[in-house]
Amino acid sequence: GENVEQHPSTLSVQEGDSAVIKCTYSDSASNYFPWYKQELGKRPQLIIDIRSNVGEKKDQRIAVTLNKTAKHFSLHITETQPEDSAVYFCAAILNSGNTPLVFGKGTRLSVIA
Amino acid sequence: SAVISQKPSRDICQRGTSLTIQCQVDSQVTMMFWYRQQPGQSLTLIATANQGSEATYESGFVIDKFPISRPNLTFSTLTVSNMSPEDSSIYLCSVAGAIGGTNTGELFFGEGSRLTVL
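Below, the structure is looked at part by part. (Residues numbered from 1 in each chain as written. Chains lettered and ligands numbered in written order. Predicted model: local features only at pLDDT ≥ 70, side-chain atom pairs only at ≥ 80, totals over all residues. Heavy atoms only, no water.)

Another point: the sheet that holds strand E1 (residues 4-7) of chain A. All names here are of chain A. Read across the sheet, 5 strands follow the order E1-E3-E8-E7-E6 without closing on themselves; strand pairing throughout is antiparallel. Each edge of the open sheet carries a strand with a single partner, namely E1 and strand E6 (56-59). The average angle at which neighbouring strand axes cross in this sheet is 15 degrees, direction not considered. (Pairing = 2+ DSSP bridges. Helix = DSSP H or I, 4+ residues; strand = E, 2+ residues; numbered from the N terminus. Axes fitted to C-alpha atoms, helices over the stretch in contact; angles between N-to-C directions.)

Let's shift gears to the interface of chain B and chain A. If you look at the interface, chain B gives 20 residues, while chain A gives 17 residues. Carbon and sulfur atoms supply 53% of the area buried between chain B and chain A, which totals about 1,600 Å² over both sides. Residue Glu111(B) pairs with Arg43(A) through a salt bridge whose shortest N-O separation is 2.4 Å. The interface formed by chain B and chain A includes 6 residue pairs in polar contact (both at pLDDT 80 or more). Elements with a minimum of two residues in the side of chain B that touches chain A: strand E4 (31-37), strand E5 (44-50) and strand E10 (102-109) of chain B. If you tally residues by element for the side of chain B that touches chain A, the top one is E10(B), at 6 residues. Its residues placed into classes, the side of chain B that touches chain A shows 9 nonpolar, 8 polar and 3 charged. (Contact = heavy atoms within 4.5 Å. Buried area = accessible area lost by both parts, 1.4 Å probe. Salt bridge = Lys/Arg side-chain N within 4 Å of Asp/Glu carboxyl O. Polar contact = N/O pair within 3.5 Å; in protein donor to acceptor, adjacent residues only side chain to side chain. Nonpolar A, V, L, I, M, F, W, Y, C, P; charged D, E, K, R; others polar.)

All names here are of chain B. The sheet built from 4 strands is open, its strands ordered E1-E3-E8-E7 with antiparallel pairing. Looking along the sheet, the strands with just one partner apiece sit at the ends: strand E1 (4-7) and strand E7 (68-72). Geometrically, the sheet is characterised by an average inter-axis angle of 15 degrees between neighbouring strands, direction not taken into account. Sheet topology places E1 next to strand E3 (residues 19-25); 4 bridges connect them, and they run antiparallel. Opposite glutamine 6, over in E3, you have cysteine 23 as the bridge partner.

For the rest of this paragraph, the subject is the side chain of Ser89(B). Residue and element names in this part refer to chain B. Position of serine 89 relative to the elements: it lies in strand E9 (residues 89-99). Accessibility expressed as a relative area gives 4% for serine 89, which makes it buried. Engagement of the side chain of serine 89 in a polar contact is seen with the backbone oxygen of glutamine 37, the distance being 2.9 Å. (Buried < 20%, exposed > 50% of the residue type's maximum accessible area, 1.4 Å probe, protein only.)

Shown next as structure tokens:
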């Protein structure tokens, strides 16, 4: 089955700096890679996702890149703000419709004002 | 996106008792998933619940400990049986997004049920 590794486990950045979180996956057949943000005491929520037919996707201050050959994908947050502080989870799936997401262990991001 | 309601939102339970968590979705969905999130940890899949069939459990989880019901396309329950302090966790119900009947892969989560076992 799929295995997702996520690094770093914790990350502290100064407000305004960029943050990068990296994940690797094991199953080369996986084709859907979402990122979830979980604020303290709240449910995980999708912030951005990418499918295997593209290499990069942007949405305002966040972007995700995918390297299928190396089987890794990364989340990039630019101009970080205190409200970006949360736990971020990457995930991977073979989107056949019958398999659930496999999550990384999470990265606790702290943005210091 | 789906609106998912979970009950209870939190509970304090005594060792050896059982608790049933309910998950209600505002639309019909084929697949529902139950995840566990232990304190400070990631999300671990317990089982996949499909309407009209037995739930499929992941390695390390068994039906006797976590019986699941899926009576229709909008509702599911997860029971945590014979609880011990190690079962203290957040339990999350989730559903797969779909467009035109095709699973998109995206998961929508309920608010979670925070259980503390004393």
